[in-house]
Amino acid sequence: VVSRDDVEELLKTIWQYVKDKEQLLKDLHSQIEETNRRLSVKQDERDYWLEYKNVGIKTQANKIMNLEKDIKEVKDDLHKATEYYRKALKAVKEENDRLVQRHMKINKEQASENAVRCLDKNSRREIEENEWLKEEVKLYQKEVSDLKASIQLLEEENISLVTKLIDGRLQNLRV
């Protein structure tokens with residue numbers, strides 16, 4: 001018989017795994033912010049050199065072109081990093097889903113096996129416990145679906161914010 005403590009322990013393990021993945025997401029966001037900061041520095045440097053060029057110094061044109069290449073490389077790196085983090089986030093989400101499904105399957109199998117083993121001794125009691133386990137599984141499935149929905153909303157919001165930030169940076173660069 002699977003006890004409530006066993007189920008709670010399993011859920012605590014899953015919850016800790018989800019928290020670890022959220023921390024990974026936060027780390028990924030901080031790396032994106034660092035890349036954005038580097039992009040801002042390169043853009044400021046480019047603006048300085050463009051002003052210098054317009055004053056009449058033509059010998060610095062080569063440096064300006066190199067800085068523009070650097071800005072393009074940083075933008076490319078930002079785009080690659082964004083894609084990488086988006087894929088990493090998707091992989092983490094799929095891994096979470098897979099683990100939750102695996103744990104739920106194991107719980108169901110163990111509950112069925114225990115019920116069959118004890119059926120001859122106390123069949124009535126086992127049937128009641130099996131019904132209770134089914135109710136608990138439904139509750140946990142609802143919690144999992146609520147967590148998935150929350151994660152999806154956060155992912156969409158994060159992607160939207162990164163897109164707005166990149167668009168803003170591009171407009172500032174054009175200006």
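Above: the structure in question.
A brief structural summary. (Residues numbered from 1 in each chain as written. Predicted model: local features only at pLDDT ≥ 70, side-chain atom pairs only at ≥ 80, totals over all residues. Heavy atoms only, no water.)

**Considering the overall build of the protein chain**
Put simply, the test is: A run of H or I in DSSP becomes a helix once it reaches four residues, and a run of E becomes a strand once it reaches two; helices and strands are each numbered from the N terminus. Under the scheme applied here, a residue whose accessible area is under 20% of the maximum for its type counts as buried, over 50% as exposed, and between as partly exposed, the area being computed with a 1.4 Å probe on protein chains only. Residue contacts are counted whenever heavy atoms from the two residues lie within 4.5 Å of one another.
Looking only at helices and strands, the protein chain has three helices and zero strands in total. Secondary structure of the protein chain in N-to-C order comes out as α-α-α. Looking at the protein chain as a whole, 25% of its 175 residues are labelled buried. Contacts in the protein chain between residues at least 24 apart in sequence constitute 82% of all its contacts with a sequence separation of at least 6.

**Quick word on the pattern of salt bridges**
Rule in force here: Every case where a carboxyl oxygen of Asp or Glu lies within 4 Å of a side-chain nitrogen of Lys or Arg is listed as a salt bridge.
Enumeration according to the criterion identifies 13 salt bridges in this entry. Glu8 is the salt-bridge partner of Arg4, the closest N and O atoms lying 3.1 Å from each other. One end of the pair is Arg4 and the other is Glu8, both in helix α1 (residues 4-55) and four residues apart, which spans about a single turn. With relative accessibility at 41%, the residue Arg4 sits in the partly exposed group. For Glu8, a relative accessible area of 28% gives the class partly exposed. A single network of salt bridges, built from pairs that share partners, joins Arg4, Glu8 and Glu136.

Function cannot be read off these values alone, since they describe shape.
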